[in-house]
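One-letter residues, chain by chain:
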Amino acid sequence: MDHFDYRDGALWCEDVPLARIAAEVGTPVYVYSAATFRRHARVFRAGLAALPRVHLAYAIKANPNLAVLRLLANEGYGADVVSGGELRRALAAGMPADGIVFSGVGKTRAELAQGLDAGIGQFNLELEEEGEVLADLAQARGLRAPAVLRVNPDVDAGTHAKISTGRKQNKFGVPIDQARAIFDRLGRRPGLHLRGIAVHIGSQLSELAPLEAAYARVGELVAELRAGGHAVSHVDLGGGLGVPYRAGEVFPGPAELGTMVGRVTAGWDAELMFEPGRVIAGNAGVLLTQVIWVKPGPDQDGAHPYVIVDAAMNDLARPALYDAWHDFAAVEPTGGRMVANIAGPVCESGDTFAMGRDIDRVASGDLAVFRTAGAYGATMASTYNSRALVPEVLVDGNRYAVVADRVAPETLIAAERVPEWL
Ligand SMILES: *Cc1c(COP(=O)(O)O)cnc(C)c1O
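Since the structure is predicted, the reported quantities are computational estimates derived from the model, not experimental observations.

Turning our eyes to something else, we now look at the pattern of salt bridges. A side chain with one charge can pair with a side chain of the opposite charge if their charged atoms come near. Across all of its chains, the model carries 18 salt bridges by this definition. Note that Glu129 is salt-bridged to Arg109, the shortest N-O span being 3.9 Å. Linking Glu129 in helix α6 (residues 128–140) with Arg109 in helix α5 (residues 109–118), this pair joins segments that are 20 residues apart in sequence. Of the residues examined, Glu129 reaches a relative accessible area of 45% and is grouped as partly exposed. We note a salt bridge from Arg150 to Glu126, for which the minimum N-O separation is 2.8 Å. Here Arg150 is found in strand β9 (residues 145–152), whereas its partner Glu126 is found in the loop between β8 (122–125) and α6, with 24 residues between them in sequence. Classification of Glu126 by relative accessible area gives buried; the value is 3%.

Near the ligand, the surroundings consist of 14 residues, among which Lys61, Ser203, Glu275, Arg278 and Tyr376 are the closest. Within the contact set of the ligand, an oxygen atom lies 2.8 Å away from a side-chain nitrogen or oxygen of Lys61. At 3.0 Å from an oxygen atom of the ligand is found a main-chain nitrogen or oxygen belonging to Gly277. Here the ligand, which alone exposes 380 Å², has 94% of that area covered by the protein. Residues that form the shell around the ligand fall into these classes: three nonpolar, six polar and five charged.

Our focus in this paragraph is unusual backbone geometry. With glycine set apart, most residues show a phi of negative sign, and most peptide bonds adopt trans. In the segment running from Thr27 into Pro28, the intervening peptide bond is cis, with an omega of -5°. Its place among the elements puts Pro28 in the loop between α1 (18–25) and β4 (29–33). Positive phi, normally seen in glycine, also occurs at Asp269, with a value near 50°. Within the fold, Asp269 resides in the loop between α9 (254–264) and β13 (271–274). Relative accessible area serves as the criterion here: at 59%, Asp269 is assigned to the exposed category.

Accessible area lost upon the coming together of the parts serves often as the stated size of an interface. Considered domain by domain, the protein chain is made up of domain 1 (4–31 + 282–414) and domain 2 (104–274). The C-alpha-based centres of domain 1 and domain 2 are spaced at 36 Å. Contact residues are listed per partner, giving nine residues for domain 1 and nine residues for domain 2. In this assembly, domain 1 packs against domain 2 so that about 890 Å² is buried in total across both faces, 52% of it on carbon and sulfur atoms. When the buried surface of domain 1 facing domain 2 is broken down by residue, Tyr322, Trp325 and Thr372 rank first, second and third, together holding 51% of it. One can count two residue pairs in polar contact (both at pLDDT 80 or more) joining domain 1 with domain 2. Residue composition of the side of domain 1 that touches domain 2, grouped by class: four nonpolar, three polar and two charged.

Calculation criteria
- Residues numbered from 1 in each chain as written.
- Predicted model: local features only at pLDDT ≥ 70, side-chain atom pairs only at ≥ 80, totals over all residues.
- Heavy atoms only, no water.
- Salt bridge = Lys/Arg side-chain N within 4 Å of Asp/Glu carboxyl O.
- Helix = DSSP H or I, 4+ residues; strand = E, 2+ residues; numbered from the N terminus.
- Buried < 20%, exposed > 50% of the residue type's maximum accessible area, 1.4 Å probe, protein only.
- Near = heavy atom within 4 Å.
- Polar contact = N/O pair within 3.5 Å; in protein donor to acceptor, adjacent residues only side chain to side chain.
- Areas by Shrake-Rupley, 256 points an atom, 1.4 Å probe, with all protein chains shown as cover.
- Nonpolar A, V, L, I, M, F, W, Y, C, P; charged D, E, K, R; others polar.
- Domains from an automatic or database assignment.
- Contact = heavy atoms within 4.5 Å.
- Buried area = accessible area lost by both parts, 1.4 Å probe.

The structure is reproduced here in structure tokens:
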């Protein structure tokens, strides 16, 4: 459920008409609904309410805008970060350090040190050597680094290959059958408090069965570790819940997740950690765009026209990257329909949002949105084709704020140098 609704024939975000934001901020622009973020944060928490001990670490790569992070910190969320930059953001937004989990397969030594110096709550180790290096860095500081070992359960999440992370050929985690031996060795390191297991099998999951299979394997490992004399106090169950991108799609939600987790983890007696990203942010944002042209198709009959919008693959990469679908809707629909291709201005054919799509009839100058763009949208934006970095707006009730500026090409050019020997 979100708070982007039509009132008297025009699309609003909460109590602000999108046309007003377009007029005042310009397009393309991401528009987020604070009420939707809050609602998702609360529904997710409520879904897990029956579990005994839970820590929620929002996966900030889904949408790392500072205002979004502050909002979620206010909802009691910690953060799952995957780089030193994300760690800085989480702290800058006021998230408590001890609620921050540091994931990622390529944390540098400098990033591990940054996490230690910040006093973060947990490191999710991806390989044995990382644990050795972290232990040494911590010991040199007189610290014991809280850590869990990320395992790869070799489960097919049934999602797009590029966002699947839990099969054995993926780069993430240690093979689950090696975890016990690694635990034995790393567990002896004085600089490390190896306290549990992490797993995350992928994103945009449409079913719970793969998650359940992965969690069941983790449960067996937890029992094996305990039988071997290890204390296991924390299990990080990752993120991955999918969201509907097309009207009418139905996905398992936090309540179903909570029921499944309660069943699988009964008797684990550990703090359970969750790293939701997309399910919190996805439907809380739209990409607001303006139609530049409606370009006739190549043939008189048959071929569809191209709706050329001012948003492009550099602003919203998911269609080009994952063949992803984003619903497209006019801000002030006339009631007419058309079948069209939708593309941006970038000079490659990959800059196409949809082909042969049945959409609201639009004309040059009309405003429209790509829906469900709150996650993996602005965070993936680039300046390809020397386009401005897309701005972001947060609406809360009847007010809104620009929470990320449009970064103009002039600013980007100012950060470049032509050496004097040219
Ligand atoms: C990306 C990621 C998440 C969040 O995934 P969603 O599908 O957005 O919920 C959680 N944990 C880790 C380790 C990740 O890499």
